[in-house]
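# Summary of structural features
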Amino acid sequence: MSEEALVLRHDKDGIARLTLNRPAARNALSRPMIAALQAEFDRIAADPSIGVVILAGNGPAFCAGHDLKEMRGADYGASYAEDLFEACARLMQRIVSLPQPVIARVHGIATAAGAQLVASADLAIAADDARFATPGVNIGLFCSTPMVALSRNVSHKHALQMLLTGDLIDAPTALRFGLINEHVSGEQLDVAVEALAVKIASKSRHTLAVGKAAYYRQAELPLDEAYAYAKGVMVHNLQARDAREGIDAFIDKRHPTWCHG
């Protein structure tokens, strides 16, 4: 993709790195950027060579949320808003339903729909100076759609604290809330993200896809239904070639050779 693309993609060793590329706008999610990101995730979902995705942002920020200038330019029209928020909801659900795990690499600010991207990602590592917020309440537009992802990551009281105050929280607070997995110095951010991606990419892609889908499905079920569902997943998973290879390799004290099936 060209340097002017709204989303840049670089693949290496089974890892796809997607980079939001509107640095002057702090990677605000315009309607075209949402479409570009959706298209890349759809392509990755069908790409068996990719085991992990890193989601990053160019410039001084990860993502500042929706493009408010675009909203105003559309005169806040209901049809525009319907299309925008439907597209954004579809994008966030695509991240969750993607067979490959997604790691958010966060620096600068991740606010509103930017925080929603972080919450929708499976894992997130942030720079020490990263800041997070759902500040819609400050401009009269409550962060209702970011709330969906946020409330599935952090406790109710922490989610409501962010949603009702609109205040920025720092990386240590985001870690305490459960919004991110860890925070590191800016100099170590790429090293930490890459190390995590490489570790996950070394696993069976089939097993990762089975496990990720099962995790999100069981999380919404009552306890007895979750166990019944997970039992079926394990029975089916055991029939996979990679499961048998992995068990054989463990018993034989050797490294497994995955066929990703």
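Residues numbered from 1 in each chain as written. Predicted model: local features only at pLDDT ≥ 70, side-chain atom pairs only at ≥ 80, totals over all residues. Heavy atoms only, no water.

This part takes up a nonpolar patch on the surface. A contiguous nonpolar surface patch, about 400 Å² in accessible area, is contributed by Val137, Phe142, Met147, Leu160 and Leu164. By secondary structure assignment, the location of Val137 is in the loop between strand S7 (131-133) and helix H5 (144-150). Judged by relative accessible area, which is 32%, Val137 ranks as partly exposed. (Patch = residues over 30% accessible without salt bridge, like charges linked within 9 Å, V, L, I, M, F, W, Y side chains within 5 Å. Areas by Shrake-Rupley, 256 points an atom, 1.4 Å probe, with all protein chains shown as cover. Salt bridge = Lys/Arg side-chain N within 4 Å of Asp/Glu carboxyl O. Helix = DSSP H or I, 4+ residues; strand = E, 2+ residues; numbered from the N terminus. Buried < 20%, exposed > 50% of the residue type's maximum accessible area, 1.4 Å probe, protein only.)

Another aspect to go through is unusual backbone geometry. A positive phi angle, close to 50°, is found at Arg26, a residue other than glycine. With respect to the helices and strands, the residue Arg26 is situated in the loop between strand S2 (15-20) and helix H1 (31-45). Here the phi dihedral of Asn27 falls at roughly 55°; this positive angle occurs in a residue that is not glycine. Examined against the element boundaries, Asn27 turns out to sit in the loop between S2 and H1. Exposure remark for Asn27: the relative accessible area of 0% places this residue in the buried category.

It is worth spelling out the packing of H1 against helix H3 (residues 78-97) at this point. Two numbers describe how H1 lies on H3: the axes approach to 10 Å, and their chain directions differ by 30°. Between H1 and H3, the angle is such that the two are roughly parallel. Read as a crossing pair, H1 and H3 show a hand that is left-handed. The residues of H3 that touch H1, namely those facing Arg31, Ile34, Leu37, Gln38, Phe41, Asp42 and Ala45, are Asp83, Leu84, Ala87, Cys88, Arg90, Leu91, Arg94 and Ile95. (Axes fitted to C-alpha atoms, helices over the stretch in contact; angles between N-to-C directions. Parallel < 35°, antiparallel > 145°, perpendicular 65-115°, else oblique. Left-handed = near helix turned anticlockwise from the far one by under 90°. Contact = heavy atoms within 4.5 Å.)

Compared with an ideal rise of 1.5 Å per residue, which puts 15 residues at 21 Å, helix H9 (residues 205-219) spans 21 Å between its outermost C-alpha atoms and is within 8% of the ideal. Residues Leu208, Val210, Lys212 and Ala214 constitute the buried set of H9. Contacts made by the buried residues of H9 are with H3, strand S4 (102-106), helix H8 (189-201) and helix H10 (223-238). (Expected span 1.5 Å × (residues − 1).)

To find leftover empty space, a probe the size of one water molecule is rolled over the atoms. Considered as a void within the structure, the largest pocket measures approximately 920 Å³ in volume. Along its surface, the largest pocket is lined by 34 residues, and Val96, Ala119, Ser120, Asn153 and Tyr216 are the ones closest to its centre. If you list the elements that add at least two residues to the lining of the largest pocket, you get H3, helix H4 (113-120), strand S6 (123-127), H5 and H9. The element that contributes the greatest number of residues to the lining of the largest pocket is H9, accounting for 8 residues. Grouping the amino acids of the lining of the largest pocket by side-chain chemistry returns 21 nonpolar, 9 polar and 4 charged. (1 Å grid on protein atoms, 1.4 Å probe; cavity = no way out; pocket = protein on both sides within 12 Å on 5 of 7 lines; lining within 4 Å. Points joined across faces, edges and corners; volume = space filled by probe spheres on them. Nonpolar A, V, L, I, M, F, W, Y, C, P; charged D, E, K, R; others polar.)

What follows is about the sheet that holds S7. The 3 strands are arranged S5-S7-S8 in an open sheet whose pairing can be described as mixed. Of all strands in the sheet, those with a lone pairing partner are strand S5 (109-111) and strand S8 (169-170), marking the two edges. Pairing between S7 and S8: 2 bridges, direction antiparallel. Bridge pairing links Phe132 to Ile169 in S8. (Pairing = 2+ DSSP bridges.)

Our focus in this paragraph is the nonpolar core. Counting 51 residues, the largest nonpolar core has Leu117 and Phe132 as the members making the most contacts within it. Ranked by the residues each element gives to this core, the list is headed by H3, at 7 residues. Not counting residues within four places of it along the chain, the set of residues in contact with Leu117 comprises Leu20, Leu29, Leu37, Leu55, Phe62, Cys63, Met92 and Ile95. (Core = buried A, V, L, I, M, F, W, Y, C linked by side-chain atoms within 4.5 Å.)

This part is about the packing of H9 against H10. When two helices pack together, their arrangement is given by the angle between the helix axes and by the axis-to-axis distance. Direction vectors running N to C along H9 and H10 enclose 170°, while the axes themselves pass 10 Å from each other. For the element pair H9 / H10, the angle class is roughly antiparallel. Facing His206, Thr207, Val210, Ala213, Ala214, Arg217 and Gln218 of H9, the residues of H10 in contact are Ala226, Tyr229, Val233 and Asn237. Among the residues making up the contact of H9 with H10, the classes are represented as 6 nonpolar, 4 polar and 1 charged.

Let us now look at the pattern of salt bridges. Note on pairing: side chains with opposite charge can pair once their charged atoms come close. Taken as a whole and assessed by the stated rule, the structure comprises 14 salt bridges. Close ionic contact of Arg94 with Asp42 constitutes a salt bridge, the shortest N to O distance being 3.4 Å. In this pair, Arg94 is assigned in helix H3 and Asp42 in helix H1, connecting sequence segments 52 residues apart. Residue Asp42 is classed as partly exposed on the basis of its relative accessible area of 34%. Several salt bridges share partner residues, and in doing so they unite Arg9, Asp11, Glu40, Arg43 and Asp47 into one network.

Just distances and angles here, no functional claims.
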